[in-house]
Amino acid sequence: MASRNPTSKKEKRNRMIEELETTNLHAQAEREAEVAEPLPSVPSAHVKSLMDSLDNAIQAGQLCDLHTHLLGMGSSEFWIEEIIKKLIPKLVMQKRIEFYEDYASLNHDTIFQSSASTPFRGGDTPDLSPNSRLFARCTPELQKLCQSASGSLHWTFDVVYSVKTWKRVLGVNTEIGVQNQLRLPKKGDLRQQWIVFNARTQLFEYREGITNEQLLDHLEQSPHFLSVLKNCFSLLNAHGDPPSNIEGRAFHDKFTPEFYPKRYELKDDIYSQYLDTLDVLLSHVLLKVYAPSGVSYVEFSVGYGDLITRPWVFYHLSNPTIEVGHNVVVRFLAAFGRHESPELDPSLDPLSPVLYGPYLDKLAVLQTAVERYALQRVLVGLDYVGDEKGHPYCPFGLDQFTEFVMYCRLKFNGKFGLRYHCGEFTFDVGSLNHFNHMFVSSKIILAIMNGIQGPTPLRVGHGVAFLAYKDVFSFPSDVLSDSLSLVIRCLQEMKRRGVPIEVNLRSNAVLLPLMDNATSVDVFLNTLHLPIILCTDDDGIWCVSEKYSGKTFHSVAAEFASAFKQGAIPDLSRTKLIIETTSRSKFDFAVGKRRPLDQSARMQVQDKHELVGTSGPPPVGEVFCSICYCILTRRTMRPPPTRRGFASLLIWTLILG
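Cut-offs used in this document
- Residues numbered from 1 in each chain as written.
- Predicted model: local features only at pLDDT ≥ 70, side-chain atom pairs only at ≥ 80, totals over all residues.
- Heavy atoms only, no water.
- Salt bridge = Lys/Arg side-chain N within 4 Å of Asp/Glu carboxyl O.
- Helix = DSSP H or I, 4+ residues; strand = E, 2+ residues; numbered from the N terminus.
- Buried < 20%, exposed > 50% of the residue type's maximum accessible area, 1.4 Å probe, protein only.
- Axes fitted to C-alpha atoms, helices over the stretch in contact; angles between N-to-C directions.
- Parallel < 35°, antiparallel > 145°, perpendicular 65-115°, else oblique.
- Contact = heavy atoms within 4.5 Å.
- Nonpolar A, V, L, I, M, F, W, Y, C, P; charged D, E, K, R; others polar.
- pLDDT = per-residue confidence, 0-100.
- Polar contact = N/O pair within 3.5 Å; in protein donor to acceptor, adjacent residues only side chain to side chain.

Attention shifts here to the pattern of salt bridges. Applying the stated criterion across every chain yields a total of 26 salt bridges. The salt bridge involving R419 is made with E502; its shortest N-O contact spans 3.1 Å. Of this pair, R419 sits in strand 10 (residues 417-422) while E502 sits in strand 12 (residues 501-503), and the two are 83 residues apart along the sequence. Under the relative-accessibility criterion, E502 is labelled buried at 0%. Three or more residues joined by partner-sharing salt bridges are found here, namely E299, D383, R419, R459 and E502.

Written as C-alpha cells, this is what we have:
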C-alpha cells in the first residue's frame, strides 16, 4: 500500500478547518444581524394533520418526559398561590415539625417503619440549652449562639427566607441591596434572628431574615412586589410576565446565575423546613401538567443528597404513581453536580480516578443504598448536572461507574442507565477551549458506551455543541485532526448504539443564544443520524406551552406542537419515530410491573434480603449466569444477580459482548 503524503494530509486538514470556520462564522453573523432567510412556511393543512396525530397520542397517553428536574417544576403562580399563600400557613397552624429521633440510622426501607414527631409541645419553644437533649441536634453556628444565651433569638414554625438566600436570588452582595429591591417597610425586618427546624438536614438552625407571614403582609401592602417574587421562581420580564424575544435575550448564556441558583433558592428555604412541599409539588405536576398532556411516564432528576443520603426526604418521593385514567409513572435519576469536577485542562486525563474523589465517595454510599428494595423500585439511573462552562469532566466514564450500572442491570433493572448533560452551550469555532471541551466529553461518552453492554447505555442531555461538527461529519478520518476524529467516532458510535439526544426546544431557546431549533432537529436527524427525543427540561422556570387553532398544548405535547409549527418535524412518520425512540429510551425495565409501595405495604417492609431475594446462598443458575457475564465482558466477578431482568441482559451480552 502506498504511504500517505503527510503534506497533503496537513493541507487537506487546514483547508477543511478553514472552510468549517468560515461557514460557521458567516452563519453566526447572519443570525446576529437577524437577516437569515426565514424558515420555509409549513402548509396549514399539513400542520393540522400533525396536530391531529398529536391529539391522538395525548388521548392514548403515549408521551413521556425523560429530561426534567423536579425542583424546576411548578410555575411562579403555583409556588406563590399554592405553596406560599396556602400550604405554608396551613402547616404553620399545625405547629409540628418532621423530627426523627433516630435519623442517622434510617435507610430507604426502615424509614417506612419510623414515624416523625415534634419533640416538644407545639405551643412551647424547644429547649436548646447546652444541657438539653436537643442541643446535639443544633448546627454548630446555633450551638454557639445558644451558649451565649442571646435573647434576640426567636423560635418559629414559619418558613424563614434568609438574607443569604435573598442576596443570591436578587443578585446583590449587601443587605442594603436586598432592602432596596424588596422595598421592605422596616429596615430591621431583614435582621430578625430566628431558630427554625430544617427537616431536610434534621437539625435546628439559625436564620436571619423574614418569615413567610411577613412576606405575605409585604405582598399585600406592596403589589409591585408580586413581579419581584414571581421572578424568584420563573424567568420572566420586569413586570412578571413571560418575556418577549428581545427581553428573553437577557437570559441567553446565563445558566449561572439566572437559571441556577436564582430560581431555586427560595424553593430550598421552603421545602427544607416542610418536606410536605414535595408531595404537593408532585401531585400538582402529575395531575395538572402531565396527565392532561398525555404524559404517562416521567423520569425526574433529583439531587443525590435528597434521593440517596436522606431517606426522610426520599419518603416524600416514594410512591408518586397515580391513577388518572391512565398511569402516570414516575421514576428518578440521582443527580451528581459537576461543580466538584476540575476545570478544563488539556493536560488532564478525563478517565483518571484521581479527578473524581468526591464522586467515588458518593458512589460508595450509593452502592450500599441501592441494595434497599424501596430505592430499587424508583431509581432507574444517574444524572450529571450543572453549568457546563469549563467543566466537561464527568465521572461516569470510570470503570467504577460503568460496573455499577452493569451491577444494577443484573440486580434489579436491565435498563438502568446514565444521563450526561453534555454540549449544553453554543459552540464557538474560534474557541480552542470549546474544541478541547467536546474532545474530553466525547472521550467520556465513548468510555461509557464501551463499559455498558445491553440496551441504551446513556442519553445525552441537550448535546447542541455537537451541531458544530455537522460539516465534517462525513469527512474521511485521514484529513481530520486526532481530536476531531475522536469526536466524529463518538457520534458514529452513538448512532450505532442508538444513544439519543434529549432535545429541549424551549429550554434551548431561552438559555442558548443564536439557537435555531428547527435546524438543530434537522441536523441531529438527517446529518448526524442520531435519534432524538423531545423533553421539557424545567417546565416551571419557563412556560412550555404552544397555541394552535384556539387550543393550548402543554408540557411535552407543547414541544411537539412547537416543532410542527416550525417545520422541525415535517411528517407523521418522523413523529412516530420520535415517540417510539422515547419509549425505547426509558431507563425503567419494568414499567407498570413493579409492586407499588402503598400505605399498607409501607408497614410490611421487612429486611432487604427478603425483599430483593438475596437471602441465603445464591441459586446455582444465578452463579453460572454471573460467571458467563464476567467471561463475556472480561469484568471482575460481581455479586450474583437475581433472576429479575437477567434473561434480557444475557441476550444483549451475547450479542454485543
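The next thing to look at is the packing of helix 5 (residues 163-170) against helix 11 (residues 265-273). At a minimum axis distance of 8 Å, the contact between helix 5 and helix 11 shows a crossing angle of 150°. Judged on the interaxial angle alone, helix 11 and helix 5 are roughly antiparallel. On helix 11, the residues that touch T165, W166, R168 and V169 of helix 5 are E265, L266 and D269. Residues belonging to the contact of helix 5 with helix 11 are distributed by class as follows: 3 nonpolar, 1 polar and 3 charged.

Let's shift gears to helix 21 (residues 517-527). Restricting attention to buried positions, one finds in helix 21 the residues N517, A518, S520, V521, V523, F524 and L525. Buried positions along helix 21 lie against strand 11 (458-462), strand 12, helix 20 (505-511), strand 13 (532-534), helix 22 (555-566) and helix 23 (572-584). A positive backbone phi angle near 55° is found at H529, which sits one or two residues after helix 21.

This brings us to the confidence of the model for the protein. Chain-level pLDDT for the protein is 84 on average; 81% of the residues reach the 70-or-more range. Ranking the elements of the protein by mean pLDDT puts helix 25 (residues 608-612) last, at 28, and strand 10 first, at 98. Considering only residues more than four positions removed or in separate chains, one finds that residues 592-623, a stretch of pLDDT under 50, has 53 contacts. Here residues 632-645 is a poorly scored stretch, pLDDT under 50, and it has 45 contacts once near neighbours within four places are set aside; other chains count.

Below, the discussion takes up the side chain of K411. With respect to the secondary-structure elements, K411 resides in helix 17 (residues 399-411). The exposure class assigned to K411 is buried, which follows from its relative accessible area of 6%. Only 3.5 Å separates the side chain of K411 from the side chain of E371, close enough to count as a polar contact.

Among the secondary structure elements, D158 is positioned in the loop between strand 2 (153-155) and strand 3 (160-162). One polar contact links the side chain of D158 to the main-chain amide nitrogen of N212, over a distance of 3.4 Å. Of note is the side chain of D158, whose polar atom sits 3.0 Å from the backbone nitrogen of E213. When near neighbours in sequence (up to four residues on either side) are disregarded, D158 contacts I88, V92, V196, T211, N212, E213 and Q273.

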